[in-house]
Amino acid sequence: MSNSMSISDTLERLKEKTSGHSISFGEVVEKLENKGFGPILLVPALIAFLPTGVVPGIPSTCGILIFLITIQMALGKKHPWIPSRLKKVTFNREKLISGINNAKPFTDRLDKWFKPRLTFFTAYPINRLVALTCGLFGLAMIPLELLPFAVALPALAILLAAVGLMTEDGTLILLATFLLLGTLYLVIHNLVK
C-alpha cells in the first residue's frame, strides 16, 4: 500500500492546502493530482454527497468532473486534464470544511478497516472498467439532480470506489457496484418512464 492514501489524509490535505471563502475545482485537482486519480475522484464525489451537493448546479458539475476524471483514468492517463471552464467553478469552502470536520471521526474509524484485499478489483484492467462505470454514473448525476437527494446514492458509490482504488481495497469496489446497481434502478424507475 505504498501508493495508497487514507480518506482522512486526503481530506486533511484539502483543508490544509486551501484557503479563502470559496474554492475552485481547479484548486482541488492541483492540490491532489500528485496523489493519483483516487483522491481526485474522491473529492467531487464527496462534494456531491455532503451538504454542498444540494446547491443547484453543483451535482451536475461534480458529475461532469467525475466523468472527465474517470474517462482519462480508463484511458490510462497519468494526470487528469480538466477544462478551464470547470476549473473555475467554485463552491463554498466553509461548507466543505464543516462537512470534512463532521466526517473526520467517521473517516478515522473507517480508515482502520481499509486494507489491500481482493486487489484484482483495483488492478489493471478491472480498475479501468471501474473507472469507466463510475464515469457513466457521474453523468447519471445530472438528471438525478432533479430529484431531491437522489444524487447521494451515485455519489456514495463513486466515493466508495475512489476509496477502494486509493487503499487497494477490492471489497469497497464490490460494495460500490451494488450501490451503482441501485442508482441504475433509480434512474430507470424515476426518469425513464
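Residues numbered from 1 in each chain as written. Predicted model: local features only at pLDDT ≥ 70, side-chain atom pairs only at ≥ 80, totals over all residues. Heavy atoms only, no water.

Draft legend 1. Highlighting unusual backbone geometry. Cis geometry marks the peptide bond from Tyr124 to Pro125; its omega dihedral reads 5 degrees. Structurally, Pro125 can be placed in the loop between helix H6 (93-111) and helix H7 (126-144). Non-glycine residue Leu118 carries a positive phi angle of around 45 degrees. By secondary structure assignment, the location of Leu118 is in the loop between H6 and H7. Relative accessible area serves as the criterion here: at 36%, Leu118 is assigned to the partly exposed category. The residue Glu168 is not glycine, and still its phi comes out positive at about 60 degrees. Mapping Glu168 onto the fold places it in the loop between helix H8 (152-167) and helix H9 (170-191). Overall, the relative accessible area of 25% leaves Glu168 in the partly exposed class. (Helix = DSSP H or I, 4+ residues; strand = E, 2+ residues; numbered from the N terminus. Buried < 20%, exposed > 50% of the residue type's maximum accessible area, 1.4 Å probe, protein only.)

Draft legend 2. Focus on helix H2 (residues 25-32). Taken residue by residue, H2 has Phe25, Gly26, Val28, Val29 and Leu32 as its buried positions. Looking straight down H2, one finds its buried side chains confined to an arc of 160 degrees; they lie on one side. (Arc of directions from axis to C-beta.)

Draft legend 3. Fine view of the packing of helix H1 (residues 7-17) against helix H3 (residues 37-49). Direction vectors running N to C along H1 and H3 enclose 75 degrees, while the axes themselves pass 11 Å from each other. The pairing of H1 with H3 is recorded here as roughly perpendicular in orientation. Of the residues in H3, those touching H1 at Ile7, Thr10, Leu11 and Leu14 are Pro39, Leu42, Val43 and Leu46. Residues of the contact of H1 with H3, tallied by class, amount to seven nonpolar, one polar and no charged. (Axes fitted to C-alpha atoms, helices over the stretch in contact; angles between N-to-C directions. Parallel < 35°, antiparallel > 145°, perpendicular 65-115°, else oblique. Contact = heavy atoms within 4.5 Å. Nonpolar A, V, L, I, M, F, W, Y, C, P; charged D, E, K, R; others polar.)

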